[in-house]
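Below, each chain spelled out in residue letters.
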Amino acid sequence: MAMLARMAVPTLLERLLFPTAAVDTAALRQTLAGRTILVTGASFGIGEQVARLAGAAGARVLLVARTTSRLEAIASEIADAGGTALALSCDLNDADAVDRLARGLPDLAPDIVVSNAGKSIRRPLLQSLDRFHDVTRTANINFLSPTRLALAAIPGLIERGGQIVNVSAVNVLLQPAPNWAAYQASKTAFDQWLRSAAPELRARGVAVTSVYLPLVRTRMIAPTRSYDDVPAMEPEQAARHIVAAMLTRRRRWAPWWLPPVQFASSLSRTPWEVLAERRQRREPR
Ligand SMILES: NC(=O)c1ccc[n+]([C@@H]2O[C@H](COP(=O)([O-])OP(=O)(O)OC[C@H]3O[C@@H](n4cnc5c(N)ncnc54)[C@H](OP(=O)(O)O)[C@@H]3O)[C@@H](O)[C@H]2O)c1
């Protein structure tokens, strides 16, 4: 079984927590060659790696994000390696731009939509009182625009037996943490929307996959200094799980340790809230 892309060397704990998915490149090529895959947030991090893996497997990759120069550079590297890619510049916080992209989707004809673009904001509530735009932009980027694009893609996905993959976070299945209200709410909203729609889609031949990622070492987590020493996945590892789900069309991927953590979390709402409140009391005012 051949393996894909090279990765940074993980620590022993990271190896245990985040074993690397083995992806059969021959099977991946057989499944993805000639298919069109739309990846939002393809300019950096996890989405960039998904686009590169899908392109290397012979897919036609539609790269969506704001940073046009990055999209074009990645598209041309995919083309140099023998693949096909198209850069589609779009700000998911701009409803008109998203509407234009959505109206173009029937012609672009994606077989798989990877809803990966994301905006995370860590900000205490009392520093957010005059920042309602934090709520609207996380809602737009993490929930409303992915929903708009999914709705536009669905008729074609039904026609072609396609797939929607949502790049979500383990946090949406656990007790919510302080300082992350806007991010958590918006990620949870799209997770719920898609899971609610999933039976209707699966009954019509469209696979729906929710990928619940733990911490991944991308620029998204770089500003949070407290994450520096926390075990994290590499973006390439996350991308392997995402492309592997295109082979299996599984309903959900999560790290092996999530079910027991989720069970403990479901039993501990009150202690969790009390502990979080105590920590808040110790914070400087
Ligand atoms: N990193 C983690 O620890 C972690 C954990 C769990 C889940 N996730 C999820 O994984 C996904 C990818 O995150 P990442 O870690 O790879 O972060 P990243 O490196 O910051 O990449 C985020 C991507 O989203 C795009 N994006 C952000 N705002 C956008 C906008 N307004 N319009 C269009 N595209 C926009 C960015 O492109 P431009 O800036 O070029 O627009 C970029 O390509 C997110 O949905 C995130 O919630 C991440």
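Everything below is about the structure printed above this text.
Description of the structure in this document. Since we're looking at a predicted model, the values are computed, not measured.

Across its full length, the protein holds ten helices and seven strands. For 285 residues, the compact-globule estimate of 2.2 N^0.38 gives 19 Å, and the C-alpha radius of gyration of the protein, at 19 Å, lies within 12% of that figure. Dimensions of the protein, computed from the C-alpha atoms along their principal axes, are close to 55 × 45 × 40 Å. Residues classed as buried in the protein amount to 46% of the 285 residues present.

A few words on the pairing of strand 1 (residues 36-40). For strand 1, the buried fraction is high: five of the five residues fall into the buried class. Alternating positions in strand 1 separate into two faces, Thr 36, Leu 38 and Thr 40 on one and Ile 37 and Val 39 on the other, with burial throughout. Strand direction decides the pairing type here: strand 1 and strand 2 (residues 60-65), joined by five bridges, are parallel. Looking at strand 2, one finds that Ile 37 is bridged to Val 61. Where the polypeptide runs from strand 1 across helix 3 (residues 45-56) and back to strand 2, its parallel neighbour, the crossover connection is right-handed. For strand 1 and strand 4 (residues 112-115), the ladder comprises three bridges, and the chain directions are parallel. Bridge pairing in strand 4 links Ile 37 to Ile 112.

What follows covers the sheet that holds strand 7 (residues 252-253). The strands making up a sheet are joined through hydrogen bonds of the backbone, oriented either antiparallel or parallel. The strand order across the open sheet formed by seven strands is 3-2-1-4-5-6-7, and the pairing between neighbours is parallel. Strands at the two margins of the open sheet, each flanked by one partner only, are strand 3 (84-89) and strand 7. Here strand 5 (residues 163-169) pairs with strand 6 (residues 207-213) via seven bridges, running parallel. Bridged to Val 165 within strand 6 is Thr 209.

We now examine the site of the ligand. Neighbouring the ligand are 30 residues; Arg 66, Thr 67, Asn 116, Tyr 183 and Thr 218 lie closest to it. Between the ligand and the protein, one listed contact pairs an oxygen atom with a side-chain N or O atom of Thr 218 at 2.6 Å. In the complex, 96% of the free accessible area of the ligand, which totals 880 Å², lies under the protein chains. Only helix 3, strand 5 and helix 7 (181-202) provide two or more residues apiece to the shell around the ligand. With three residues, the single largest contributor to the shell around the ligand is strand 5.

Under the definition given, this model contains four aromatic pairs. Centroid distance Trp 180 to Tyr 227: 6.3 Å. Interplanar angle 10°. Geometry classified as stacked. Taken together, the positions of Trp 180 in the loop between strand 5 and helix 7 and Tyr 227 in the loop between strand 6 and helix 8 (235-248) put the pair 47 residues apart, joining distant regions of the chain. Put simply, the rings of Trp 180, Tyr 183 and Tyr 227 touch in pairs and so form one group of aromatic residues. Lying across the ring of Phe 44, Arg 219 places its NZ or CZ 3.8 Å from the centre.

With that out of the way, let us pick up the packing of helix 6 (residues 132-160) against helix 7. Closest axis-to-axis distance for the helix 6/helix 7 pair is 7 Å, and the angle between their directions is 15°. Taken together, the axis directions place helix 6 and helix 7 in an arrangement best described as roughly parallel. For the pair helix 6 and helix 7, the sense of crossing is right-handed. Touching Asp 134, Val 135, Thr 138, Ala 139, Asn 142, Phe 143, Pro 146, Thr 147, Ala 150, Leu 151 and Ile 154 of helix 6 are Ala 182, Tyr 183, Ser 186, Lys 187, Ala 189, Phe 190, Trp 193 and Leu 201, all from helix 7. Split by residue class, the contact of helix 6 with helix 7 holds 13 nonpolar, four polar and two charged.

A separate point is the environment of Trp 180. For Trp 180, a relative accessible area of 13% translates into the label buried. Sequence spacing of Trp 180 and Pro 124 is 56 residues, and the spatial spacing of their C-alpha atoms is 7.6 Å. With residues up to four places along the chain from it excluded, the contact list for Trp 180 reads Ser 120, Ile 121, Arg 122, Thr 224 and Tyr 227.

Conventions used here
- Along each chain, residue indices are assigned from 1 in the same order as the chain's sequence is written.
- Reporting of local features is limited, given that this is a predicted model, to residues whose pLDDT is at least 70; pairs of side-chain atoms are given and counted only at 80 or more, and all residues count toward the totals for whole chains, interfaces and linings.
- Computation of side-chain values covers all heavy atoms of the structure but excludes hydrogens and water.
- Numbering of helices and strands runs from the N terminus; a helix is a DSSP stretch of H or I covering at least four residues, while a strand is a stretch of E covering at least two.
- C-alpha atoms define the radius of gyration in this analysis, and the globule rule sets the expected value at 2.2 Å times the number of residues to the power 0.38.
- Partly exposed residues are those whose accessible area sits between 20% and 50% of the maximum for their type, while under 20% is buried and over 50% is exposed, using a 1.4 Å probe and protein chains only.
- Here, any two strands with at least 2 DSSP bridges between them count as paired.
- Here the term right-handed applies to a crossover when the path leading from its first strand over the helix to its second strand runs clockwise, the strands being oriented away from the viewer.
- Residues are classed as near a molecule or strand on a simple rule: at least one heavy atom within 4 Å of it.
- The definition of a polar contact used here is a pair of N or O atoms within 3.5 Å, where within protein one atom must be able to donate a hydrogen and the other to accept one, and adjacent residues in sequence count solely through side-chain atom pairs.
- Where accessible areas are quoted, they stem from the Shrake-Rupley method and a 1.4 Å probe; at the residue level, only the protein chains shown are allowed to cover.
- Paired rings are identified among Phe, Tyr and Trp, the last through its six-membered ring, by centres lying within 6.5 Å, and are further divided according to the angle between planes into stacked (under 30 degrees), edge-to-face (over 60) and tilted (the rest).
- As a reminder, the over-ring test applies to NZ of lysine and CZ of arginine, requiring each to be within 6 Å of the ring centre and within 35 degrees of the ring normal.
- Angles shown run from 0 to 180 degrees and are taken between the N-to-C directions of axes, each axis being a line fitted to C-alpha atoms and, for helices, limited to the stretch in contact.
- Working definition: roughly parallel below 35 degrees, roughly antiparallel above 145 degrees, roughly perpendicular at 65 to 115 degrees, and oblique for all remaining angles.
- Handedness of a helix crossing follows the sense of rotation of the near helix relative to the far helix, less than a right angle counterclockwise being left-handed and clockwise being right-handed.
- Throughout, a contact is declared for two residues whenever any of their heavy atoms are within 4.5 Å.
- Residue polarity follows a fixed list, in which Ala, Val, Leu, Ile, Met, Phe, Trp, Tyr, Cys and Pro are nonpolar, Asp, Glu, Lys and Arg are charged, and the others, Gly among them, are polar.

Keep in mind these values describe shape, not function.
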